[in-house]
Amino acid sequence: MLNIILFGPPGAGKGTQSAKLIEKYNLTHLSTGDVFRFNIKNETDLGVLAKSFIDKGELVPDEVTNDMVADFLDQNFNDNGFIFDGYPRTIQQADALAKMLDDKNTTISLMVALEVEEDELVKRLLERGKTSGRADDQSEDTIRNRFRVYQEETAPLAMHYSDLGKYRGVHGMGSVDEIFVRLSHCLDIVSETGE
Ligand code: AMP
């Protein structure tokens, strides 16, 4: 199985690249942000709870997020593997994911991180906000808060997977296709060596 964490700050291009990678490698895409937005749209209890955090640029609590991911994995298991997009975002989530995968006799193959400068990210997010309808892309204050949360809670995950020998950084500037080639190269290596 190829279980890839596509990592990077808000606006790095994780969603765009995930869509291309799942097609090329026959993987299942799990974007926790997308699942939350689906629940918000359908006004479920989970959606109402998640919205109160998302609109402020805060993280949804770990336990809520981990339970949602466990349900998703049970219902959408794919023997080829998964692209995890926007998850895990805390060390606690990384530990929970390791257990969930272990229960299914599999593990994380690799974290690939899209590296993009912050000014470029803010520009991309404000631009996306004009068409995405996402409340959390509309204000620069909320966007800056998401970066702060990212730096404090999520960025340490790079070291966590690096210590496990499962981290690759990828230059995230350039065209969608150029970045896709770089990511594919990382996935090809890990799928060939089974690392
Ligand atoms: P994203 O679409 O990945 O940018 O996520 C949008 C928002 O959903 C984030 O700013 C968080 O509020 C929430 N969210 C998404 N994934 C997670 C996660 N793994 N843990 C906690 N909150 C999350």
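Residues numbered from 1 in each chain as written. Predicted model: local features only at pLDDT ≥ 70, side-chain atom pairs only at ≥ 80, totals over all residues. Heavy atoms only, no water.

**Describing the overall build of the protein**
When helices and strands are counted, the protein shows nine helices and five strands. Overall, the protein shows an N-to-C arrangement of helices and strands of β-α-β-α-α-α-β-α-β-α-α-α-β-α. Relative to the compact-globule value of 16 Å for 195 residues, the protein shows a C-alpha radius of gyration of 16 Å, a close match. When the backbone C-alpha atoms are referred to their principal axes, the protein occupies close to 45 × 40 × 30 Å. Out of the 195 residues in the protein, the part that is buried amounts to 46%. Restricting to contacts in the protein with at least 6 residues of sequence separation, those with at least 24 account for 75%. In the form shown here, the protein has an accessible surface area of approximately 10,000 Å², with 49% of it arising from carbon and sulfur atoms. (Helix = DSSP H or I, 4+ residues; strand = E, 2+ residues; numbered from the N terminus. Rg over C-alpha atoms; globule rule 2.2 N^0.38 Å. Buried < 20%, exposed > 50% of the residue type's maximum accessible area, 1.4 Å probe, protein only. Contact = heavy atoms within 4.5 Å. Areas by Shrake-Rupley, 256 points an atom, 1.4 Å probe, with all protein chains shown as cover.)

**A few points about the environment of Ile189**
Mapped onto the secondary structure, Ile189 falls in helix H9 (residues 176-193). On a C-alpha basis, the gap between Ile189 and His160 in space is 21 Å, while along the polypeptide they are 29 residues apart.

**Structural notes on the pairing of strand E3 (residues 81-85)**
In terms of burial, E3 is a largely internal element, five of the five residues being buried. Taking every second residue as pointing to the same face, both faces of E3 are buried, with Gly81, Ile83 and Asp85 on one and Phe82 and Phe84 on the other. Here strand E1 (residues 2-7) pairs with E3 via five bridges, running parallel. Bridge pairing in E3 links Ile4 to Ile83. (Pairing = 2+ DSSP bridges.)

**Focus on the pattern of salt bridges**
By the definition in use, this model includes 15 salt bridges. Residues Lys20 and Asp177 are paired through a salt bridge, measuring 3.3 Å at the closest nitrogen-oxygen approach. Here the residue Lys20 occupies a position in helix H1 (residues 14-25), and Asp177 occupies one in helix H9, the gap between them amounting to 157 residues. Of the residues examined, Lys20 reaches a relative accessible area of 26% and is grouped as partly exposed. The exposure class of Asp177 is partly exposed, given its relative accessible area of 48%. In this structure, Arg124 engages Glu120 in a salt bridge whose closest nitrogen and oxygen atoms are separated by 3.0 Å. Residue Arg124 and its partner Glu120 are located together in helix H6 (residues 118-132), separated by four residues, close to a single helical turn. In this structure Arg124 comes out as partly exposed when scored by relative accessible area, which is 25%. (Salt bridge = Lys/Arg side-chain N within 4 Å of Asp/Glu carboxyl O.)

**Section: the site of the ligand**
What surrounds the ligand is a group of 16 residues, the closest being Thr32, Glu58, Gly86, Arg89 and Gln93. Interatomic distance of 2.7 Å between a side-chain N/O atom of Thr32 and a nitrogen atom of the ligand. Protein burial of the ligand: of its 480 Å² of free accessible surface, 96% is covered by the chains. Broken down by element, the shell around the ligand gets its largest block of residues, four residues, from helix H2 (residues 32-41). When the residues that make up the shell around the ligand are grouped by side-chain class, the tally is five nonpolar, five polar and six charged. (Near = heavy atom within 4 Å. Polar contact = N/O pair within 3.5 Å; in protein donor to acceptor, adjacent residues only side chain to side chain. Nonpolar A, V, L, I, M, F, W, Y, C, P; charged D, E, K, R; others polar.)

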